[in-house]
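This is what each chain is made of:
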Amino acid sequence: GIGTSPGIGLGRVVTLGVDPLRAPPPARVFAGKEDEAARFDLAREGALHELRSFADRIEQEHGPAAAAIIRVHEELISDPSLADRVRALIVEQEEPVERAVYLAIEELVEILSAAEAPQVREKAHDFRDVRAQLLRALGVGDAARTESTESGRLPNAREGVVIVAEYLTPAETAHLDPTRVVAIVTQHGSETSHASILAKSLGIPAVVAIPDVTVTVAAGDRLLVDGDNGFVFHDPEPSIVAEYGKRREAARDAAR
């Protein structure tokens, strides 16, 4: 794969499945244009408050560069054009606010995901985070993946945790606990993605662009991740573990 955050991590796999908020919310009775629009305004305010608090915490713990990525999401939620898209679906098509939010952002996600430039495609994950934030503020998606990446949701284990997923969004990455998550491995991603930049800020080794990794490994498998060179070892031999142990010690000595 591609090593996007340096370091060596050895641990047991925790897999993240498909984001449940990638599916349209269940249909419900339309409550009226004014009521639906008012709910959107309240959700937007609540989501912005949560994001600002989260960005402040990230800045205190990991510095302004990491927080700046989360603050991008504040700008996206505050963007009047996004609000106009949502309100148009409420007013013109009488979509309940949850579906209006989902559909308005899904249109943007599809456009970005189809772009040729990897940097543009990666922006789709920022909009997925924004959508999840708004939908949670509307009471949808309490079991969303972002919450499952928080330290309280990770299983207790003697070894550290290696997160394996198709992709990680920026918010999912920022929620990871570096004291428990020793590495990240994803099927998609790039060096310039916000998730990769955050992993580096958090000091979590990461390797991305490993084809079919989500079907090759299973929860509980042991992985050794080399974020410097982009290697991932599945159930590594003791000799490989020992060799990388020496490399890690040498790197620690050099850093002193």
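Owing to the predicted nature of the structure, the values given are computational and were not obtained by experimental measurement.

> Which residues make up the pattern of salt bridges, and what values go with them?
In the structure shown here, the tally under the stated rule is 14 salt bridges. We note a salt bridge from Glu 74 to Arg 52, for which the minimum N-O separation is 3.4 Å. Residue Glu 74 is located in helix α2 (residues 64-78), and its partner Arg 52 is located in helix α1 (residues 33-62); the two are separated by 22 residues in the primary sequence. Note on Arg 52: relative accessible area 41%, which makes it partly exposed. Asp 56 is the salt-bridge partner of Arg 71, the closest N and O atoms lying 3.0 Å from each other. Residue Arg 71 is found in helix α2, and its partner Asp 56 is found in helix α1; the two are separated by 15 residues along the sequence. One continuous salt-bridge network, built from bridges that share partners, spans Arg 52, Asp 56, Glu 59, Arg 71 and Glu 74.

> An account of helix α3 (residues 80-93) is requested, with residue identities and associated values reported.
Helix length check: α3, at 14 residues, gives a terminal C-alpha distance of 19 Å against a target of 20 Å (1.5 Å per residue), a fit within 8%. Among the residues of α3, those classed as buried are Leu 82, Ala 83, Val 86, Leu 89 and Ile 90. Tucked into the core, α3 has its buried residues touching α1, α2, α4 (97-113) and α5 (118-137). Positive backbone phi, approximately 50°, marks Glu 94, located one or two places after α3.

> Please provide a residue-by-residue account of the packing of aromatic side chains, values included.
In total, this model carries 2 aromatic pairs according to the counting rule given. An aromatic cluster is defined as three or more aromatic residues linked by ring pairs; in this entry it consists of Phe 231, Phe 233 and Tyr 244. The ring centre of Tyr 167 lies 5.3 Å from the NZ or CZ of Arg 128, which sits over that ring. One cation-aromatic arrangement involves Arg 247 over Tyr 244; the distance from NZ or CZ to the ring centre is 4.5 Å.

> Could you give an account of the nonpolar core, naming the residues involved and the relevant values?
Core analysis: the biggest nonpolar cluster contains 36 residues, and Val 101 and Ile 105 have the highest contact counts within it. For this core, the elements supplying multiple residues, two or more each, are α1, α2, α3, α4 and α5. Discounting residues that sit within four places of it in the chain, Val 101 has contacts with Phe 40, Val 86, Arg 131, Leu 134, Leu 135 and Leu 138. Judged by nonpolar contacts, the second largest core, of 13 residues, contains Val 14, Ala 165, Leu 176 and Ala 199.

> How would you sum up empty space enclosed by the protein? Please name residues and give values.
In total, this model carries 3 cavities of 30 Å³ or more according to the counting rule given. In this structure, the largest cavity spans a volume of roughly 110 Å³. What lines the largest cavity is a set of 16 residues, among which Thr 186, Ser 193, Ala 195, Ser 196 and Val 208 lie closest to the centre. When residues of the lining of the largest cavity are traced back to their parent elements, those giving at least two are α5, β4 (181-186), α8 (194-202) and β5 (206-208). In terms of residue count, the dominant contributor to the lining of the largest cavity is α8 (3 residues). For the lining of the largest cavity, the per-class residue count stands at 7 nonpolar, 8 polar and 1 charged. In this structure, the second largest cavity encloses a volume near 50 Å³. Looking at the second largest cavity, it is lined by 10 residues, and the ones nearest its centre are Leu 51, His 73, Asp 129, Gln 133 and Ala 171. Taken together, the residues of the lining of the second largest cavity break down into 4 nonpolar, 4 polar and 2 charged.

> Account for the sheet that holds strand β2 (residues 8-16), with residues named and values stated.
The strand order across the open sheet formed by 7 strands is β1-β5-β4-β3-β2-β6-β7, and the pairing between neighbours is mixed. Two strands in the sheet have a free side with no partner beyond their single neighbour: β1 (2-5) and β7 (231-234). Sheet twist, expressed as the mean angle between neighbouring strand axes with direction ignored, is 30°. Sheet topology places β2 next to strand β3 (residues 160-165); 6 bridges connect them, and they run parallel. Looking at the pairing, Gly 11 lines up with Gly 160 of β3. Lying over the sheet, α8 contacts β1, β4 and β5, oriented at roughly 55° with respect to β1.

Cut-offs and rules
- Residues numbered from 1 in each chain as written.
- Predicted model: local features only at pLDDT ≥ 70, side-chain atom pairs only at ≥ 80, totals over all residues.
- Heavy atoms only, no water.
- Salt bridge = Lys/Arg side-chain N within 4 Å of Asp/Glu carboxyl O.
- Helix = DSSP H or I, 4+ residues; strand = E, 2+ residues; numbered from the N terminus.
- Buried < 20%, exposed > 50% of the residue type's maximum accessible area, 1.4 Å probe, protein only.
- Expected span 1.5 Å × (residues − 1).
- Contact = heavy atoms within 4.5 Å.
- Phe/Tyr/Trp six-rings, centres within 6.5 Å; stacked < 30°, edge-to-face > 60°.
- Lys NZ or Arg CZ within 6 Å of the ring centre and 35° of its normal.
- Core = buried A, V, L, I, M, F, W, Y, C linked by side-chain atoms within 4.5 Å.
- 1 Å grid on protein atoms, 1.4 Å probe; cavity = no way out; pocket = protein on both sides within 12 Å on 5 of 7 lines; lining within 4 Å.
- Points joined across faces, edges and corners; volume = space filled by probe spheres on them.
- Nonpolar A, V, L, I, M, F, W, Y, C, P; charged D, E, K, R; others polar.
- Pairing = 2+ DSSP bridges.
- Axes fitted to C-alpha atoms, helices over the stretch in contact; angles between N-to-C directions.

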